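This is what each chain is made of:
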Amino acid sequence: EAQERGVVGDTPNLAARLQALAEPGQVVISHSTRRLTGGLFEYRDLGRITLKGLVDPTQAWQVVGASTVESRFEAQHGAVLTPLVGREEELELLLRRWRQAKAGEGSIVLVSGEPGIGKSRIVEALFERLGTEPYTRVRLFCSPHHQDAALYPTISQLERAAGFRREDTDEQRLDKLEAVLARATNDLSEAAPLLAELLSVPTEDRYRALDLTPQKRKEKTFKALIAQVAGLAGQQPVVMVCEDAHWIDPTSLELLDLIVDRVPSLPMLLIITFRPEFTPRWVGRSQVTLLSLNRLSQRQRVEMLSRLTGGKALPREIADQIVDRTDGVPLFIEELTKAVVERDELADAGDHYTVTRSLSPLAIPTTLHASLLARLDRLAPVREVAQIGAALGRQFSHELISAVAPMPQKQLDDGLAQLVSAELVFRRGTPPDAGYTFKHALVQDAAYGTLLREPRRALHARIAGILESRFPEIAESQPELVARHDTEAGLMEKALSLWGKAGQRSIERSALVEAIAQLTRALEQIATLPATQALRREEIKLQVALIAPLFHVKGYSAPEPKRAVERARRLIEEAEALGEFPEDPLLLFLVLHGLWAANIVAFNGDVVRQLATEFLVLAERDGTTAPLLLAHRVIGPSLLCTGDISGGRAHLDRAIELYDPAEHRPLARRFGEDQKVAILCWRSHALWALGYPKDALADADHALRDAREIDQAATLMFALAFTSVIHLLCGNFAEATAQVDELATLADRKGAVLWKAVATTTSGCVLARTGKAQEGVHLITSGTAAARSMEATLWKPYFDCHLASAYAQLERFDEAWRCVSQAKAHVATAKERRWEAEVNRIAGEIVLASLPQDVAGAEAETYFERALSVAREQRAKSWELRAAMSMARLWRDQGKRTQAHNLLAPVYGWFTEGFDTPDLKEAKALLEELG
């Protein structure tokens, strides 16, 4: 009574209510327990019951009895098996040994692996591959609860084979046993009474009682059992599986020795599965093969995760956690994925899962919790050592744990040695220079979870203090490490300063994902503390710093960076209302730049021009160089994208004039990319459109060279995205391909999903331009869909033009027109007009390709006229040249050769450079053809 009253919460209340439901002799369980016990028992559904003290009705089940399911694996997995990933070679080895066995050369395969690695699953995969082949299956299952019960695996196997039921009489059981034995032998006189006794089935008057000594009875029982196996193998090949041999009882192990001796002479494959702590005594024999199952590689983990979700993508941060924390153990991947998919924070969006609210940390699934704790419980004397190690982290040094652990060195060393021996941790090197790593992140979590709150906080405070006093080099180089311990110790003010320092350092190292996490942690610490002027200033600084890494990881126009920008602006306005102006005047410009960047990527022409104008007004009022540089850098692309290409170029020229490397290069860390690189990238696009392809390539090369020199991942990704498009426009397809490949690799490494989408789309455009339309369609649609999921629509008309052209090459004209319509709609509504001439030109080309010649000419000519008109209005000579060539070809085919020549010649004659680009070469050839 006293103990029960010490337990509080929903669980004891639920248990008491369920207990009240149960009749005498009954066991009643909740739905969560039913999920954990799986197919191990048979149940009766009691329905959803309203219980006092609980808000929602509870599903209840009565446990009827143990199930007849064959294996522990089958009971826990049911009919739907975990996808088999990364085991092709191992499965092929089993199949080769099976083929040898069928030919009369019996084989034994020893399958070793840690818990959850897939030993039972690969056996199931073998049975799947055997399909309808004629063979006999014999399965023995060792049990952790029957390690002292002689021949338990054999007894339970015979009972299953005979089909014993609880309600069977002794006579019925004996009948069933005889029927099973008769499959292998005609003489039951000795085997039947021996095995009936083994199964505690009375033989009554059917068989004479055997007067044998215990040893003789054992020998004859073994002989009868082996004769059964041999008899079955004499009729057709046998696959015998002994699972979980690490739990085998001594008598069964003796029997298994005899079976192993007999296997080589039979058409039989014997598979024995076990964990590494079991030492098989048969290794080295000629017919024995040892097969060790290793953890899955990074690529295999990702593949298994995808197959478990049915191909639906999880949010990247969750998928990465699953891949990292499960350490390549298939069971852990399966259970953690199931637990994640069932969480309320995720919603099924058809082809992917979306986050519905702030994500909580991934906890150990209940299906794994008990088994992980059981391993620690078996090492109770050294649990404290495991707890200290878990608090230190996944990896820790002998020197550090020795400084932290409040126990004699010998006791600590003995404890660490036991953890290593139990394979809960790995050790590299020898003490005192040894390093330790928890074998699984989830084992570390389980050990850490056994610490009570106050001892845990005291332990973390002690670790933080020792790191700062005795390991200052670690504290200085890894502020996030000390910050984590201070956070867990409840030292919030100290923690937030260190998290902020760690975030800024990660930005400097281009560790963008880490920077987001660390800056977010710092902001979370501030939220727990009473507001002061100093904290408000610190919060503004950290909130603004968060914007740039979010842009590159999540995408400029994604919800997360938008929220970060809006919150930063709100914090600045609230501080100014209190008369507290930021010490750093650039903070407001950082926020305005963030607002502009979000709107230019989710393109809205009116808004970007308005924000750019506001930026310029504020910069001129401020009067210092940096804001003015930024203002021209912002207004230049705003004008360029909305169709004032020469006006945009003028502002970009002015921005370049203002740029001073000594003063402005450090801004790259704060704004997300180097300003000069960004200006050159945008200006290269303006120069190409205005008819200066050589100068455009020079700017692109200069930008990429500077980006590599700066060695900041965000700047390099920005440059590669822009310069690859310039090379595509100039027809340098090999260079464009090399740059988008580099961009894709870097974006993958940095977790920058928007830049990965841009790389994918641009790669598809290159393929479409080089005659690989089908592959181009796949990549462009994939890349634009990914960008659209981040609300990124910048360059959409240009990409739609390439997609339309690719569809036209495949004669899928309805889809080509859909792309053209989308591009025209975007130009009209979003006012991204710099692509307008090309959209109309492509529309005319598709008219010519899809309609009869006598109908197409007039409509195509209208589109080409519109393209020429827009290009001339924008002074976009490169677009005008392309439109003039399209019109000239149409007039040539209509016999209007003089008109065609007179249209194209002055446009071509305007150019002073870039004559080695495909557009100008093609124009020259067409003029020569026109005479």
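This structure is a prediction, so every number in the text was calculated from the model and none was measured.

### Focus: the environment of L729
- Mapped onto the elements of the fold, L729 is located in helix α35 (residues 713-729).
- Put simply, L729 and A689 are 40 residues apart on the chain and 9.4 Å apart in space, counted from C-alpha to C-alpha.
- If we ignore the near neighbours within four places in the chain, the residues touching L729 are W688, Y798, W879, R882 and D919.

### A closer look at the state of the cysteines
- All told, the structure shown has zero disulfides when counted by the stated rule.
- In this structure C641 is not part of a disulfide, and its nearest cysteine sulfur, from C681, lies 13 Å away.
- Classification of C641 by relative accessible area gives buried; the value is 0%.

### Points about the sheet that holds strand β12 (residues 425-428)
- Strand order in the open sheet formed by three strands is β11-β13-β12, with antiparallel pairing between adjacent strands. The open sheet terminates on both sides in strands that have one partner only, identified here as β11 (395-397) and β12. Within this sheet the neighbouring strands show an average axis-to-axis angle of 25 degrees, counted without direction.
- Where β12 lies against strand β13 (residues 435-438), four bridges are found, and the strand directions are antiparallel. In the sheet register, V425 faces β13, and the bridge partner there is F438.
- With respect to the sheet, helix α18 (residues 409-421) is in contact with β11, β12 and β13, its orientation differing from that of β12 by roughly 110 degrees.

### Thoughts on the pattern of salt bridges
- One pass over the structure, following the stated rule, counts 62 salt bridges.
- Note that E573 is salt-bridged to R569, the shortest N-O span being 3.6 Å. Here E573 pairs with R569, and both are found in helix α26 (residues 559-577), just four residues apart, close to one helical turn.
- The exposure class assigned to E573 is partly exposed, which follows from its relative accessible area of 45%.
- Among the residues examined, R569 registers a relative accessible area of 26% and is labelled partly exposed.
- Taking the shortest distance from any N to any O, the salt bridge between R708 and E742 comes out at 2.6 Å. Of the two residues, R708 is situated in helix α34 (residues 693-710) and E742 in helix α36 (residues 733-750); the sequence distance between them amounts to 34 residues.
- The exposure class of E742 is partly exposed, given its relative accessible area of 27%.

### Let's talk about helix α10 (residues 214-235)
- Taking 1.5 Å per residue as the helical rise, α10 with its 22 residues ought to reach 32 Å, and the 32 Å between its terminal C-alpha atoms agrees with that figure.
- The set of residues buried in α10 consists of T221, F222, A224, L225, I226, Q228, V229, A230, G231, L232 and A233.

### Things to note about a negative patch on the surface
- Taken together, the side chains of D170, E171, E204 and D205 define an acidic patch exposed on the protein surface.
- You can see E171 is positioned in helix α8 (residues 170-181).

### Some words on the confidence of the model for the protein chain
- Per-residue confidence for the protein chain averages 90 on the pLDDT scale, and 96% of its residues sit at or above 70.
- Mean pLDDT values over the elements of the protein chain span from 54, in helix α4 (residues 72-77), up to 98, in helix α33 (residues 675-690).

### Here we look at the nonpolar core
- Formed by 213 residues in total, the largest nonpolar core has its most connected members in I600, W682, W755, W879 and L904.
- If one sorts the elements of this core by residue count, α35 sits on top with 12 residues.
- Among the nonpolar cores identified, the runner-up in size contains 50 residues, and L110, L140, L195 and I272 belong to it.

Conventions used here
Residues numbered from 1 in each chain as written. Predicted model: local features only at pLDDT ≥ 70, side-chain atom pairs only at ≥ 80, totals over all residues. Heavy atoms only, no water. Helix = DSSP H or I, 4+ residues; strand = E, 2+ residues; numbered from the N terminus. Contact = heavy atoms within 4.5 Å. Disulfide = S-S within 2.5 Å. Buried < 20%, exposed > 50% of the residue type's maximum accessible area, 1.4 Å probe, protein only. Pairing = 2+ DSSP bridges. Axes fitted to C-alpha atoms, helices over the stretch in contact; angles between N-to-C directions. Salt bridge = Lys/Arg side-chain N within 4 Å of Asp/Glu carboxyl O. Expected span 1.5 Å × (residues − 1). Patch = residues over 30% accessible without salt bridge, like charges linked within 9 Å, V, L, I, M, F, W, Y side chains within 5 Å. Areas by Shrake-Rupley, 256 points an atom, 1.4 Å probe, with all protein chains shown as cover. Lys, Arg positive; Asp, Glu negative; His and termini not counted. Charge placed at Lys NZ, Arg CZ, Asp CG, Glu CD. pLDDT = per-residue confidence, 0-100. Core = buried A, V, L, I, M, F, W, Y, C linked by side-chain atoms within 4.5 Å.

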